[in-house]
Amino acid sequence: MGKVYFVGAGSGDPELLTLKGKRLLESADVIIYDRLVHPVLLYLAKDSARFIYSGKYPKNHVLKQKNINQLLLEEGGKHQSVVRLKGGDPGIFGRVGEEVSTLQAKGISYEIVPGVTAASAASSYSGIPLTHREYSSKVTLATAHRQAGESIDFKGLTENGTICLYMGVERVEDTQRKLLEQGVSPNLPVAIVEWGSLGRQRTMTASIQTMVEAIENYQLQNPSLIIVGEVVSCRKGAEWFEQLPLFGQKILLLDIEKIDFEIILSYTQKGADVYAIQVGEQRDLRFDEVHRCYLRDHSFDEVVYLDQNLKNMYIKELDSLNVRVRKR
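All chains use their own residue numbering, which begins from 1 and follows the written sequence. A pLDDT threshold of at least 70 governs which residues receive local features in this predicted model, and a stricter bar of 80 or more applies before side-chain atom pairs are shown or counted, although totals over entire chains, interfaces and linings include all residues. Working from all heavy atoms in the structure, the side-chain values ignore hydrogens and water.

The name an unreviewed UniProt entry gives the chain is Uroporphyrinogen-III C-methyltransferase, with Candidatus Enterococcus mansonii as the organism.

Structure representation (structure tokens):
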């Protein structure tokens, strides 16, 4: 019998992975990873590890939850170490309870390794403290996708408090209506943070009265976190993360050698949104499908050739990968 580790990858920035999470990734025999996990973390895996993508797109699940549960039983039932790599924290809207129950029913061992959840990452990288001596003595984490008949005491929770709404963009009109119906001030500050803690992060501030208009005007999409409360007033324009020298730049690194994780971090530490691809006949073939999934959704501002000979050697290979570089 094997063991399954539910590992929180952190939210966005690959350095938000915990030391324990890093150790488990480095030793895992199988890594089952979600869409919101930054795939550069797979470069930490050992050469013999298998990758299984379980990513879920809105209204288009690659693997339905029941299939994921069955997959965990199959892989966890073998004599191996399985890492179920989840974005953020597995225990916060990560459905870890359902997956753990599946393993418990079959007597399969497991551990849960916490991660940095989106509320912590997105707020910190936007310069917004979730608690504040003057503004907020409590924090509520909630999801906009509630069960039928379920309600939130917005009025009570926003009084000297902060509410963080996960994946709330699609239902923002309903959220705004309920806030106003409960007598919450229309002038209460709101922040919407898209892709928090990644170089592609966008943070917009508004009020309850103008939040729907702000989301529509800036075409904000999930994954986004909506922060409601007076703490939002602590944000004063561009904050520390947005002032890093490469913030907002989407950069693709290319090399014929195995990608060094520390090189990736040298760019993310400057605020860039980075992806990396090893090319050539000696490339790690496990990543071919990983790259296809990622490149389907992303384009880049710049391609950095870590080996200068690559620029001419692999231009056709870039075309075959459908790498899109935005014109400036």
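There is more to say after this.
1. Regarding unusual backbone geometry
A cis geometry characterises the amide bond from N222 onward to P223, with omega recorded as 5°. A positive phi is found at F93, a non-glycine position, where the angle reads about 55°. Comment: elements are numbered from the N terminus, with helices defined as DSSP H or I runs of at least four residues and strands as E runs of at least two. Checked against the element boundaries, F93 lands in the loop between β6 (81-86) and α3 (96-105). The partly exposed category is assigned to F93, whose relative accessible area is 45%. One non-glycine residue, M167, lies in the positive phi region at around 50°. Accessible area is worked out with a 1.4 Å probe on protein chains only. A residue is then buried under 20% of its type maximum, exposed over 50%, and partly exposed in between.

2. A short note on the environment of Q70
Along the chain, the position of Q70 falls in helix α2 (residues 65-76). Taking the relative accessible area as the measure of exposure, Q70 reaches 41% and is therefore partly exposed. Once the C-alpha coordinates of Q70 and T102 are considered, the two residues, 32 residues apart in sequence, prove to be 8.2 Å apart.

3. Considerations on the sheet that holds strand β15 (residues 302-305)
At least two DSSP bridges between two strands are needed for those strands to be called paired. What the three strands build is an open sheet, ordered β14-β13-β15; its pairing is parallel. Each end of this open sheet is capped by a strand with a single partner; those strands are β14 (273-278) and β15. Across this sheet, the average inter-strand angle for adjacent strands is 25°, counted without regard to direction. Note that strand β13 (residues 250-255) and β15 share four bridges and pair parallel. The residue bridging I251 from the neighbouring strand is E302, located in β15. To obtain an axis, a line is fitted to C-alpha atoms, over the contacting stretch when the element is a helix, and the angle between two such axes runs from 0 to 180 degrees between their N-to-C directions.

4. Regarding the sheet that holds strand β2 (residues 30-33)
Ordered by their spatial adjacency, five strands build an open sheet running β3-β2-β6-β1-β7, and the pairing between neighbours is parallel. This sheet does not close on itself; its edge strands, each paired only once, are β3 (50-53) and β7 (109-113). Within the sheet, the average angular offset between the axes of one strand and its neighbour, ignoring direction, is 20°. Here strand β1 (residues 3-8) runs beside β7; their pairing, made up of five bridges, is parallel. Across the sheet, F6 pairs through a bridge with I112, a residue of β7.

5. Quick notes on the packing of helix α6 (residues 172-181) against helix α7 (residues 211-218)
Interhelical geometry of α6 versus α7 gives an angle of 165° and a closest axis separation of 9 Å. The angle between α6 and α7 places the two elements in the roughly antiparallel class. Here α6 and α7 pass one another in a crossing that is right-handed. Here V172, E173, Q176 and L179 of α6 come into contact with α7, specifically with M211, V212, I215 and E216. Classification convention: Asp, Glu, Lys, Arg as charged; Ala, Val, Leu, Ile, Met, Phe, Trp, Tyr, Cys, Pro as nonpolar; all other residues, Gly among them, as polar. Of the residues that constitute the contact of α6 with α7, the class distribution is five nonpolar, one polar and two charged. Here the angle decides the label: under 35 degrees means roughly parallel, over 145 means roughly antiparallel, 65 to 115 means roughly perpendicular, and every other value means oblique. Here a crossing is taken to be left-handed if its near helix is turned anticlockwise relative to the far helix by less than a right angle, and right-handed if that turn runs clockwise. In this description, contact between two residues means that some pair of their heavy atoms is separated by no more than 4.5 Å.

6. Observations regarding the side chain of H38
Structurally, H38 is set in the loop between β2 and β3. Two N or O atoms form a polar contact when they lie within 3.5 Å of each other; inside protein one atom must be a possible hydrogen donor and the other a possible acceptor, and for residues adjacent in sequence the pair counts only when both atoms belong to side chains. Among the polar contacts made by the side chain of H38, one reaches the main-chain carbonyl oxygen of V274 at a distance of 3.2 Å. Excluding anything up to four places from it in sequence, H38 contacts G12, P14, L198, D273, V274, Y275 and Y294.

7. Description of the domain arrangement of the chain
Per the annotation, domain bounds derive from an automatic or database assignment of domains. Domain annotation of the chain identifies domain 1 (1-116), domain 2 (118-241) and domain 3 (245-327). If you average the C-alpha positions of domain 1 and of domain 3, the two centres end up 24 Å apart. If you look at the interface, domain 1 gives 19 residues, while domain 3 gives 21 residues. Taken together, both faces of the contact between domain 1 and domain 3 bury some 1600 Å²; the carbon and sulfur share is 64%. What makes a salt bridge here is a side-chain nitrogen of Lys or Arg within 4 Å of a carboxyl oxygen of Asp or Glu, nothing more. Linking domain 1 with domain 3 are one salt bridge. A salt bridge links D47 to K258, with the nearest nitrogen and oxygen atoms 3.3 Å apart. Across the domain 1-domain 3 interface, the total number found is seven residue pairs in polar contact (both at pLDDT 80 or more). Per-class residue counts for the side of domain 1 that touches domain 3 are 13 nonpolar, two polar and four charged. A simple way to read buried area is as the amount of 1.4 Å-probe accessible surface that goes missing from two parts once joined, with both sides added.

8. Focus on the nonpolar core
The nonpolar core is taken to be a set of buried Ala, Val, Leu, Ile, Met, Phe, Trp, Tyr and Cys residues, with the residues joined through side-chain atoms within 4.5 Å. Counting 48 residues, the largest nonpolar core has I31, F51, V83, L85 and I264 as its most contacted members. It is helix α9 (residues 287-295) that provides the largest number of residues to this core, a total of five residues. Counting residues domain by domain, this core receives three or more from each of domain 1 (1-116) and domain 3 (245-327). Excluding its chain neighbours within four sequence positions, the residues that come into contact with I264 are V40, Y43, L253, I259, V274 and A276.

9. With respect to the side chain of R200
Of note, R200 is situated in the loop between β10 (189-194) and β11 (202-207). Relative accessible area serves as the criterion here: at 15%, R200 is assigned to the buried category. In this structure R200 touches E194, W195, K250, D273, Y294 and H298, once residues within four positions along its chain are discounted.

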